[in-house]
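# Residue-level structural notes
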Amino acid sequence: MPPLDHWPKRPESYDPDQSHVLAWMAELCGGDIKIADKIFEAARHKQIIKYNRETRLWCGRKGGRP
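Remember, it's a predicted structure, so these values are computed and weren't measured experimentally.

When you go through the protein chain residue by residue, the secondary structure sums to 2 helices and 2 strands. Starting at the N terminus and walking to the C terminus, you meet the elements of the protein chain as α-α-β-β. Taking 11 Å as the expected radius of gyration for a compact globule of 66 residues, we find that the protein chain reaches 11 Å, a close match to that expectation. Dimensions along the principal axes, computed over C-alpha positions, put the protein chain at roughly 30 × 30 × 20 Å. Residues counted as buried form 23% of the 66 residues belonging to the protein chain. Contacts in the protein chain between residues far apart in sequence, at least 24 positions, make up 23% of those at least 6 positions apart.

Note that an α-helix has 3.6 residues per turn; residues three or four places apart therefore point the same way. Along helix H1 (residues 20-29), the positions that sit buried rather than exposed are Val21, Leu22, Met25 and Ala26. Around the axis of H1, the buried residues are gathered within 130° of arc, so they sit on the same side. Opposite its buried face, H1 presents the exposed residues Glu27 and Leu28, each directed more than 90 degrees away. On its buried face, H1 is in contact with helix H2 (33-45) and strand S2 (57-60). Phi for Gly30, located one or two positions after H1, is positive at around 70°.

So, how was this worked out
Residues numbered from 1 in each chain as written. Predicted model: local features only at pLDDT ≥ 70, side-chain atom pairs only at ≥ 80, totals over all residues. Heavy atoms only, no water. Helix = DSSP H or I, 4+ residues; strand = E, 2+ residues; numbered from the N terminus. Rg over C-alpha atoms; globule rule 2.2 N^0.38 Å. Buried < 20%, exposed > 50% of the residue type's maximum accessible area, 1.4 Å probe, protein only. Contact = heavy atoms within 4.5 Å. Arc of directions from axis to C-beta.

What follows is the structure, encoded as structure tokens:
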């Protein structure tokens with residue numbers, strides 16, 4: 001996954017429809033934002049994607065490894 005913003009309109013309330021991460025996942029999987037959100041949460045839980053605090057972007061990790 002390329003580095004993408006999950007919450008681009010901070011500090012406004014989080015809106016999944018504005019997430020660049022979820023939009024990328026939905027397009028890649030041919031699904032909608034709800035499906036992409038489920039995939040995102042599973043990938044985050046399994047540490048396949050990681051949040052970079054310096055850039056404030058989410059990035060993919062090959063095989064869930066650093």
